[in-house]
Amino acid sequence: MERVRCLIIGSGPAGYTAAIYTGRANISPVLYEGLQPGGQLTITTEVENFPGYPEGVTGPQLMEDMRNQALRFGADIRTGIVTKVDFDQHPMRVTVDDEKELLADTVIIATGASAKYLGLDDEKKYAGMGVSACATCDGFFYRNKTVAVVGGGDTACEEAAYLAGLAKKVYLLVRKPYLRASKIMQDRVLGNEKIEVLFEHNAEGLYGDNGVEGVHLVKRLGQADETHYDLPIDGFFLAIGHKPNSEVFAPYVKTDEVGYIVTEDGTPRTNVPGVFAAGDVADPHYRQAITAAGSGCKAAIEAERYLSEHSL
Ligand code: NDP
């Protein structure tokens, strides 16, 4: 059976950065790209906050640059989805696409997280044309415009407050008659005159000829006084939670109640020796390309140390 010294699972900024570092350290990493090569950044347009690109760069270009940099240092980048792992044995056993098995001395989990969507066809139709799941990434394009944020948790309140610093007007669409967010975040939203909270509102669809021009809303869905109306907006932001892609590893690696992999404070070390987690799969807080890349670097350095300490 094939045995690799460092197996990297995932191809966002964390995975590729880990591949660049382990490649340069002569560890000959093998990286599996998964379902969405390049990760979440491949579905954004312009990235303006990644250092080193003063004029900005598109998400797909940034990921291609990172991928090429990893290839340059000898990373073996493959297509495939890790469907099963056994971290009880060392080297660890990993199954790809339910058929190929390989052994790994170290594993870096960089499988990311996926933003949750409502499931409307229009979310796909207007993807990158007014629909976003990341205010920090895309908020800048809505300066002095009108946007709606969906959700009533801390993320939604945080995104709404962030967008209120840029946009002319922010509607927060909350399906319940109350916010689930912490008191401090609620106060921040309710006390902001640019933000209007629309309780008991659900989005049914979007409309517009060249990108989003408005949202079809239903108020008090299922009640006797249910009403439908259209609200003109320029941007539609989802903030109904993220799902870390950790299921395959959860039987072995400690996760929190949402599924984020728990790492030792400030390090990418998981509870399993030789298994490291980097990027959004272990980060409920920052979720930025640059923080993911940074943690991919840390994971690579940890893997390198682990291999040398164990003479592998
Ligand atoms: P949450 O699960 O806390 O909230 C999700 C929100 O989206 C809820 O209001 C929920 O509504 C709503 N929602 C879910 N599905 C739908 C749907 N289909 N249609 C309409 N609305 C929907 O997720 P968050 O991402 O906000 O937070 C995740 C965790 O991270 C939490 O523990 C949070 O406290 C933490 N966090 C903390 C921050 C901070 O402290 N600054 C910042 C960001 C996150 P409903 O209430 O009806 O279920």
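Residues numbered from 1 in each chain as written. Predicted model: local features only at pLDDT ≥ 70, side-chain atom pairs only at ≥ 80, totals over all residues. Heavy atoms only, no water.

In this section: helix α2 (residues 59-72). Look at α2: 20 Å from first C-alpha to last across 14 residues, which is about the 20 Å you get at 1.5 Å a residue. Turning to α2, its buried residues are G59, L62, M63, M66 and A70. Viewed end-on, α2 has its buried residues packed into an arc of 95°, placing them on one side of the element. On its buried face, α2 is in contact with α1 (13-24), β3 (46-47), β4 (57-58) and β5 (76-78). (Helix = DSSP H or I, 4+ residues; strand = E, 2+ residues; numbered from the N terminus. Expected span 1.5 Å × (residues − 1). Buried < 20%, exposed > 50% of the residue type's maximum accessible area, 1.4 Å probe, protein only. Arc of directions from axis to C-beta. Contact = heavy atoms within 4.5 Å.)

The next subject is the sheet that holds strand β10 (residues 131-132). With parallel pairing, the five strands of this open sheet are ordered in space as β10-β17-β11-β12-β13. Each edge of the sheet is formed by a strand with only one pairing partner; in this case those strands are β10 and β13 (195-198). In the sheet, strand β11 (residues 146-150) pairs with strand β17 (residues 235-238) via four bridges, with the strands oriented parallel. The residue bridging V147 from the neighbouring strand is G235, located in β17. (Pairing = 2+ DSSP bridges.)

The next point concerns the packing of aromatic side chains. What the rule picks out here adds up to five aromatic pairs. Relative to F237, the ring of Y142 lies with its centre 5.4 Å away and its plane at 80°, an arrangement referred to as edge-to-face. On the criterion of sequence distance, the pair formed by Y142 in the loop between α4 (135-138) and β11 and F237 in strand β17 is long-range, its members being 95 residues apart. For F237, a relative accessible area of 0% gives the class buried. By the ring-pair criterion, three or more aromatic residues cluster together here, those being F87, F249 and Y252. The side chain of R24 reaches across the aromatic face of F73, ending 5.4 Å from its centre. One residue, R143, lies across the ring of F140, its end atom 3.9 Å from the ring centre. (Phe/Tyr/Trp six-rings, centres within 6.5 Å; stacked < 30°, edge-to-face > 60°. Lys NZ or Arg CZ within 6 Å of the ring centre and 35° of its normal.)

Glancing now at the pattern of salt bridges. The tally for this structure, following the rule as stated, stands at 13 salt bridges. Of the charged contacts in the structure, one is a salt bridge between E196 and K169, with a shortest N-O distance of 2.8 Å. Placement of the pair is E196 in strand β13 and K169 in strand β12 (residues 169-173), with a sequence separation of 27 residues. By relative accessible area, E196 is classed as partly exposed at 32%. K169 gets classed as partly exposed once you look at its relative accessible area, which sits at 21%. (Salt bridge = Lys/Arg side-chain N within 4 Å of Asp/Glu carboxyl O.)

Quick look at the site of the ligand now. Residues in contact with the ligand, as listed here, are L118, G151, G152, G153, D154, T155, E158, R175, K176, R180, I240 and G241. Within the backbone of G152, an N or O atom sits 2.9 Å from an oxygen atom of the ligand. At a separation of 2.8 Å, an oxygen atom of the ligand approaches a polar side-chain atom of R175. Surface burial for the ligand is 70%, taken as the share of its 920 Å² of free accessible area covered by protein chains. In the shell around the ligand, the residues fall into two nonpolar, five polar and five charged. (Near = heavy atom within 4 Å. Polar contact = N/O pair within 3.5 Å; in protein donor to acceptor, adjacent residues only side chain to side chain. Areas by Shrake-Rupley, 256 points an atom, 1.4 Å probe, with all protein chains shown as cover. Nonpolar A, V, L, I, M, F, W, Y, C, P; charged D, E, K, R; others polar.)

The full count for this structure, using the stated rule, is one disulfide. Two residues share a disulfide in this structure: C134 and C137, whose sulfurs sit 2.0 Å from each other. With the S-S bond torsion at 75°, the cross-link from C134 to C137 turns out right-handed. On the basis of relative accessible area, C137 is assigned to the partly exposed category, the value being 27%. In this model C157 remains outside any disulfide bridge; the closest cysteine sulfur is found in C134, 16 Å from its own. Judged by relative accessible area, C157 falls into the buried class, the value being 0%. With no disulfide of its own, C297 lies closest to C6 among cysteine sulfurs, the gap being 13 Å. (Disulfide = S-S within 2.5 Å.)

Let's shift gears to the sheet that holds strand β14 (residues 201-207). Spatially, the three strands line up as an open sheet ordered β14-β15-β16, and their pairing is antiparallel. Every other strand in the sheet has two partners, leaving β14 and β16 (227-232) as the edge strands with one partner each. Across the sheet, the axes of successive neighbouring strands diverge by a mean angle of 30°, strand direction being ignored. Bridge count for strand β15 (residues 214-219) against β16 is six bridges, and the pairing is antiparallel. Among the inter-strand pairings, V218 is bridged to a residue of β16, identified as H228. (Axes fitted to C-alpha atoms, helices over the stretch in contact; angles between N-to-C directions.)

Our focus in this paragraph is the domain arrangement of the protein chain. When the domains of the protein chain are assigned, the result is domain 1 (2-114 + 242-309) and domain 2 (117-238). Measuring from the centre of the C-alpha atoms in domain 1 to the corresponding centre in domain 2 gives 32 Å. Of the residues lining the interface, eight residues belong to domain 1; the matching set on domain 2 comes to seven residues. Here domain 1 and domain 2 share an interface that buries about 610 Å² over both sides, 47% of which is from carbon and sulfur atoms. Taken together, the links from domain 1 to domain 2 amount to zero salt bridges. Here domain 1 is connected to domain 2 by zero residue pairs in polar contact (both at pLDDT 80 or more). Residue classes in the side of domain 1 that touches domain 2 are distributed as one nonpolar, four polar and three charged. (Domains from an automatic or database assignment. Buried area = accessible area lost by both parts, 1.4 Å probe.)

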